[in-house]
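# Structural features, examined
What follows is each chain in one-letter form.
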Amino acid sequence: MLRITGGKIYDPANGIDGQVKDLCVDDTGTIVSSVDGGRTIDASGMIIFPGGVDVHTHVAGGAINFARAMTPEDHRRTQAFIRTQSRRSGLGGMAPTTFATGYLYAGMGFTTVNEAAVPVLSARHTHEELADIPIVDKATLTLMANNEIMLDQMEAGEYERAKNVVAWYIWAAKSYGVKAVNPGGVAAWKWGSDAKQLTDPIDGYNSLTPGKIVTMLATICDDLGLPHPMHLHCNNLGAPGNISTTIDTLKHLEGHRAHIAHSQYHAYGGDDWDTMCSATVQLAEYFNTHPNITTDAGAVLFGDTVTITADGPWQHLLYKLTGRKWGNLDVENETGCGIVPYTYRPSNLVNAVQWASGLELMLLIRNPWQVFLSTDHPNGGCFWRYPEIIQLLMCADFRSECIKTLPDRIKSKITLPEIDREYTLYEVATSMSAGPARALGLTRKGNLGIGCDADIVIYEEEDDVARMFSHPRYVIKGGEVVIEDGDIRETPEGREFLVKPSCAPETDEFMRPLFEDCYTMSFENYPVEFERIENPNMQECVNASEK
Amino acid sequence: MTCTLGEVKQRADFIVYWGGNPAECHPRHFTKYTIMQKSKFLPRGRKDRTMVMVDIRETKSAKAANIFLQVKPGKDFELITILRALIKDQQVGDEQIAETGLTREALDDLVQRMKSCKFGCFFFGMGLSMTRGKHMNSAALLTLAAEMNAFTKFVAMPMRGHGNVTGADVIMRWQTGYPFGITFNRGYPRYNPGEFSTVDVLVRGDCDAAFIIGADPGATMPQPAINHLKRIPTICLDPHVTHTSKLARVHITTAAQGISAPGTAYRMDEIPMPLKPALKSPYPTDEEVVRRINEAIAQKPFWLPEGSQPQMISTQV
Amino acid sequence: MTVTLHLKQPPSVPLEAEVLSPNVMAELSNSEIRSLVVYHGKRQVPLEEFFDVEGERSDELILHGELTKVRMIGRAMSSGSITVHGSVGMHLGARMTGGSIEVHGDASDWIGAEMMNGFIHVHGNAGGQIGAAYRGALAGMKNGTIIVDGAAGLEVGMRMRRGTIILGGPAVDFTGLQMKGGTIILLSGAEIRTGAWMNRGTIISLKPLQMMPTFAYASDFNPTFVNVYTKRLKQFGINLPFTASQGAYQRYSGDLSVPGKGEILVWQPA
């Protein structure tokens, strides 16, 4: 039991903007109206947020684990967590180890993370890895948009079948929703080419286009009543002039819910690398007029990182541009991923445009319930650098100082210098917690109302915003004080959120022959056993029409 | 630069085996995953695929190949390096090519086939990775595969030995960031193959105890390493009597993984497979033994005084 | 004034002693030096458990004893000097940025790995990975000089970017692997795969080498930079032949597989 008194509460889910109020937590880790006894934390003069929610990150699974193997030089130069009797050791850096991932997220007040790309075939691996990430609660999204069994059904116009296939895969992977990456493009990449236009048929298909996949998959997610809508990584990532593809994609989503991942990478104008510029004004305008879609920034921070995405074609381009290491991993019938270590430099015009675009999107999209804090970890920067982004959002002066360090030629390519908006604490709380929790459909997260999970962060108010957000005074996860004065106190295990969408019973029989034709694993061994999930937490699917 | 076996089964129309003998060492590999399989993209199965075998002698696997290239022993690294030059249209002398035991015609043909295939795949075995040059031989083939992607789709994959080597590798990576050759003596993981890898530690006599699970170094490691294992307290967990268990001070008999103990095994392409035990064993599983040893150790006072270490350090040694 | 340390008895498992560095000792009293922490395996023990310490507050460090299991001596040092009478363990002078180290005995692997500057002279034999990049890192030594009078192991100068390595005895395989710059001088040649995958830089060998197939013979010549080197190396008693009357250097360029612009010069006496 716990009582927190005297703090200024920022709880956008309940419209509370800095009012002083007490918070009470019962023994089950739930926020209640009153408690008897237990510890009291005096939070007078402090700021209270709901625990942070990362809507899009890559912290576990085959790809990030491949990235770890590729970057021993980074592990050596980064921070190290030292083992104690109650805590495991680990390394931070570009691709932190599992235990360190939990400590680092909790250390900056994040208590829920969404691993946004899980191939079904290695889902078992991802879940085993997630079980080794302490403290935070977790959700996973299954990669679907290049699944050949599903694409074949779509091509044949068998919508119901395609829907059942998706539902079957979600439960087989024990995941929480659907991630679509570069629809049709990864399938084409496996032959060394790419899908650039939404209306051109995909290599190997007669009539199926990326646009059709997008619309159908979004419809399927809505019809299955998934708590989180389709999580879409658009085609043509990172290419100059891709804004037209992105807007075109968004038009295919009219009337549907959707979450657009790391939109910074999809908001460029120009024709080539020389003329590339920010097209965020156009994209933000679309979001401002279409409340049905949410997005996360996928902001870029200058410095070293490792880029990993299921977007193989983009990765190969990066490898050719940088001439550095390159890893690529293709997964049968489903997806692929590429891994390239990369350094974003302010002196590089392209990188500078990317840096500005991420911030522009967060500032130009007016409703903080629509645009969330993310770096697409580790692609744009590491998650533990989020406080730096918050500082850039909250302090226009600091922002203009940073812009001054960019090359002069940048001025005509970006809008950032003309934006004077500064995020308020209330807006930050929306963008890093309440908003992503709502988009994920996690009703007990990002919310300090009665009956919600007691995931609470308490900051000591400071002028140095980056410091304040990277050093919370207390972090409370499920009612337990996990961080206090910068020290890790407890390392409870987190839960995993799952959904079981309804699926026609004959799907198993339908899948079996197709499956055995293209996979190298026996059909029975393929689905992840429910018993293998540590601390599973089932969430309901509610069809939109039944709401 | 890798992919899962299903990708090979579905798409690979050009498969090169280098220094491995799958016909005899991985008997189900050909039929289950690679050349014999028919697929949507390669409907005629074996007829749609070209198989190349590179080895120092004509093994059983070589007989299954369309093309057999006999490389002189110890010239794999040179041969791969020549191929890297040839794909970039660099001039390599006939004499230099001849040193590898092959002809220019054979290599030109190979390069042409590599560039014109739709999906190429290298599998490499111990004949490459455990001969002179070791990790650099594997690195050479991985680099060649990466560079081939400038022309077409190409991947490379090691053919691992027995046991769940890949599984250990995968888990060490997510828990420590490194696949093997790790020390924890400073309280956090540090990595340096050659310094901290098991065989080197044993050969130099750098450790004063050994704990061995699911391996038989007593049969496979060089004599100085075995001698050191005999000198120090060695504890061995194994379902069977092995060379190592015979020289160990303590041998704990455990249930056999996959037969009477459940778990997960990682396939050579890092795809996890559930192990569903068919039999019951009177012996404890490895996991249970390790857990109980851990619990016993936790009862002892910690080897560092409370609070003598920071939780986190920002610069490592 | 110097700080002199005598090893009491060889450690049973490796002793990690990056504190054996002039930078650390320069401002410390004798008792402070004695209580510096070293890692004996996982145990943290005071330096005096393994060493007798004489002297204090000096950046001249003298070590005596059989130090083959003592690692990281002079690691990351930036100034001062270390003289060792005996043999040393791995990572001697790794990542050092200045100062000098002299070993009257043998050294092990990774000496001068990723060093930025400074000078290391080993009078005996050394191990592998001299001046190399640690696994996964893009660049090895970036400047400085390493001289080994005796033989050396694998991967000498792997991915080095600048600086000079001189080996009196023979080296094993992969000398100058993926070299990006700098100079390696082999007075007694090397085994195989010398200069493999090199991008830039120079390897000079006074003995015939087995060349990688991906190096192309360019010309015979007597480059002027060799006599510049010779002048510099005289102080260490090393003589490189350079006049046309003595012979010529055969120049090979490669590695074609990269394709790289490195060069290997092999001395051909007249």
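This text follows the structure it describes.
What follows concerns the overall build of chain A. Helix and strand content of chain A: 17 helices and 28 strands. At 22 Å, chain A has a C-alpha radius of gyration in line with the 24 Å of a compact globule built from 547 residues. Projected onto its principal axes, the C-alpha positions of chain A cover 65 × 60 × 45 Å. Burial statistics for chain A: of 547 residues in total, 68% are counted as buried. In chain A, once contacts between residues fewer than 6 apart in sequence are set aside, the share between residues at least 24 apart is 76%. A total accessible area of about 17000 Å² is found for chain A, and carbon and sulfur atoms account for 48% of it. Across chain A, the centroid of the 45 positively charged side chains sits 3 Å from that of the 72 negatively charged ones.

Further remarks concern the packing of helix 5 (residues 148-155) of chain A against helix 6 (residues 159-172) of chain A. Residues and elements named next belong to chain A. The N-to-C vectors of helix 5 and helix 6 enclose an angle of 165°; their axes lie 8 Å apart at closest approach. Taken as axis vectors, helix 5 and helix 6 run roughly antiparallel relative to one another. In this structure, helix 5 meets helix 6 at a crossing whose hand is left-handed. Between helix 5 and helix 6, the residues in contact are I149, M150, Q153 and M154 and R161, A162, V165, V166 and Y169, respectively. Partitioned by chemical class, the residues of the contact of helix 5 with helix 6 number 7 nonpolar, 1 polar and 1 charged.

Now for the pairing of strand 24 (residues 474-477) of chain A. Residues and elements named next belong to chain A. The two faces of strand 24 match: Y474 and I476 on one face and V475 and K477 on the other face are all buried. One ladder, built from 3 bridges, connects strand 23 (residues 456-460) with strand 24; its direction is antiparallel. If you follow I456 over to strand 24, its bridge partner there is I476. Here strand 24 runs beside strand 25 (residues 480-484); their pairing, made up of 4 bridges, is antiparallel. Residue pairing across strands places V475 opposite I483, the latter belonging to strand 25. Connecting strand 24 to the next strand, strand 25, in antiparallel fashion are 2 residues, including G478 with a positive phi near 55°.

Time to look at the pairing of strand 12 (residues 137-143) of chain A. Residues and elements named next belong to chain A. Summarising burial for strand 12: 7 of the 7 residues are buried, a large majority. Note: strand 11 (residues 110-118) against strand 12, 5 bridges, orientation parallel. Bridged to E115 within strand 12 is T140. In this fold, strand 11 hands off to helix 4 (residues 123-131), which returns the chain to strand 12; that crossover is right-handed. Alignment of strand 12 against strand 13 (residues 177-181), held across 3 bridges, turns out to be parallel. In the strand pairing of strand 13, T142 is matched with V178.

Time to look at the interface of chain B and chain A. Accessible area lost during the coming together of the parts is what is often quoted as the interface size. The interface is formed by 56 residues belonging to chain B together with 61 residues belonging to chain A. At the surface where chain B touches chain A, the tally comes to 1 salt bridge. With a shortest N-O distance of 2.5 Å, B:R11 and A:E148 are connected by a salt bridge. On the surface where chain B and chain A come into contact, there are 20 residue pairs in polar contact (both at pLDDT 80 or more). Secondary structure elements with two or more residues in the side of chain B that touches chain A: strand 1 (2-3), helix 1 (5-11), helix 10 (165-176), strand 12 (263-266), strand 13 (272-275) and strand 14 (312-313) of chain B. Counting residues per element, the side of chain B that touches chain A draws most heavily on helix 1 of chain B, at 6 residues. Among the residues forming the side of chain B that touches chain A, the class breakdown is 27 nonpolar, 15 polar and 14 charged. Direction of pairing for strand 9 (residues 80-81) of chain A relative to strand 14 of chain B: antiparallel, over a ladder of 2 bridges.

Taken together, the side chains of A:R83, A:R88, B:K300, C:K42 and C:R43 define a basic patch exposed on the protein surface. The topology assignment puts C:K42 in the loop between strand 3 (37-40) and strand 4 (43-46).

On to the packing of helix 5 (residues 76-87) of chain B against helix 7 (residues 104-116) of chain B. All names here are of chain B. It is the contact of helix 5 with helix 7, at a shortest axis distance of 10 Å, that shows an interaxial angle of 65°. Regarding helix 5 and helix 7, the two cross each other, and that crossing is right-handed. From helix 5, L79, I82, L83, L86 and I87 reach across to helix 7, where they touch L107, L110, V111, M114 and K115. In terms of residue class, the contact of helix 5 with helix 7 is made up of 9 nonpolar, no polar and 1 charged.

Our focus in this paragraph is the environment of A:Y344. Residue and element names in this part refer to chain A. Within the element layout of this structure, Y344 appears in strand 21 (residues 335-344). Sequence-wise, Y344 and K179 are 165 residues apart; in three dimensions their C-alpha atoms are separated by 26 Å. Ignoring sequence-local partners within four residues, the contact set of Y344 consists of Y265, V300, L301, F302, G303, T305, T307, N351, Q354, N379 and G380. Among the polar contacts made by the side chain of Y344, one reaches the main-chain carbonyl oxygen of N379 at a distance of 3.0 Å.

Residue and element names in this part refer to chain A. The final tally for this structure, using the stated rule, is 51 salt bridges over all chains. Measuring nitrogen to oxygen at the nearest pair gives 3.1 Å for the salt bridge that ties R257 to D222. Here R257, found in the loop between helix 9 (243-251) and strand 15 (258-260), pairs with D222, found in helix 8 (residues 210-224); they are 35 residues apart in sequence, far enough to count as distant. In this structure, R421 and E427 form a salt bridge, with 3.3 Å as the shortest nitrogen-oxygen distance.

Another point: the nonpolar core. Membership of the largest hydrophobic core comes to 145 residues, with the highest contact counts inside it found for A:F49, A:M154, A:Y169, A:L217, A:W355, A:F469 and A:Y526. Not counting residues up to four positions away in its chain, the partners in contact with A:L217 are A:M144, A:A145, A:M150, A:M154, A:V166, A:V178, A:A180 and A:M230.

Residues and elements named next belong to chain B. The parallel open sheet is built from 3 strands, whose spatial order is 9-10-11. Of all the strands in the sheet, the pair left with one neighbour each is strand 9 (210-213) and strand 11 (250-253). When the angles between neighbouring strand axes are averaged without regard to direction, this sheet yields 10°. In this sheet, strand 10 (residues 234-238) lies alongside strand 9 in parallel orientation, the contact comprising 4 bridges. Considered in strand 10, the bridge of I213 is made with L237. Packed onto the sheet, helix 15 (residues 286-299) meets strand 9, strand 10 and strand 11 and runs at close to 155° relative to strand 9.

Taken as a whole and judged by the stated rule, the model has 30 aromatic pairs over all chains. Between A:F49 and A:F469 the ring centres are 5.7 Å apart and the planes differ by 65°, which places this aromatic pair in the edge-to-face class. With a gap of 420 residues between them, A:F49 in strand 7 (residues 46-50) and A:F469 in helix 16 (residues 465-470) connect regions that are remote in the sequence. Accessibility expressed as a relative area gives 0% for A:F49, which makes it buried. Note on A:F469: relative accessible area 2%, which makes it buried. Ring geometry for A:F302 and A:W355: centres 5.5 Å apart, planes at 20°, overall stacked. Taken as a pair, A:F302 in the loop between strand 18 (293-296) and strand 19 (303-309) and A:W355 in helix 12 (residues 349-364) lie far apart in primary sequence, 53 residues in all. Given the relative accessible area of 3%, A:W355 is considered buried. Cluster of aromatic residues (ring-pair linked, three or more members): A:W168, A:Y169, A:F515, A:F523 and A:Y526. Cation over ring: B:R84 sits above C:W197, and NZ or CZ is 4.5 Å from the ring centre. Above the plane of the ring of C:Y39 lies B:R186, whose end atom (NZ or CZ) is 3.8 Å from the centre.

By the element assignment, B:D76 lies in helix 5. Despite its burial, B:D76 pairs with no opposite charge, the nearest such side chain being C:R193 at 6.2 Å. A polar atom in the side chain of B:D76 sits 2.8 Å from the side chain of B:W18. Beyond its immediate stretch of four places on either side in the chain, B:D76 contacts B:W18, B:V71, B:G127, B:L128 and B:T131.

Analysis parameters
Residues numbered from 1 in each chain as written. Chains lettered and ligands numbered in written order. Predicted model: local features only at pLDDT ≥ 70, side-chain atom pairs only at ≥ 80, totals over all residues. Heavy atoms only, no water. Helix = DSSP H or I, 4+ residues; strand = E, 2+ residues; numbered from the N terminus. Rg over C-alpha atoms; globule rule 2.2 N^0.38 Å. Buried < 20%, exposed > 50% of the residue type's maximum accessible area, 1.4 Å probe, protein only. Contact = heavy atoms within 4.5 Å. Areas by Shrake-Rupley, 256 points an atom, 1.4 Å probe, with all protein chains shown as cover. Lys, Arg positive; Asp, Glu negative; His and termini not counted. Charge placed at Lys NZ, Arg CZ, Asp CG, Glu CD. Axes fitted to C-alpha atoms, helices over the stretch in contact; angles between N-to-C directions. Parallel < 35°, antiparallel > 145°, perpendicular 65-115°, else oblique. Left-handed = near helix turned anticlockwise from the far one by under 90°. Nonpolar A, V, L, I, M, F, W, Y, C, P; charged D, E, K, R; others polar. Pairing = 2+ DSSP bridges. Right-handed = clockwise from strand over helix to strand, strands pointing away. Salt bridge = Lys/Arg side-chain N within 4 Å of Asp/Glu carboxyl O. Polar contact = N/O pair within 3.5 Å; in protein donor to acceptor, adjacent residues only side chain to side chain. Patch = residues over 30% accessible without salt bridge, like charges linked within 9 Å, V, L, I, M, F, W, Y side chains within 5 Å. Core = buried A, V, L, I, M, F, W, Y, C linked by side-chain atoms within 4.5 Å. Phe/Tyr/Trp six-rings, centres within 6.5 Å; stacked < 30°, edge-to-face > 60°. Lys NZ or Arg CZ within 6 Å of the ring centre and 35° of its normal.

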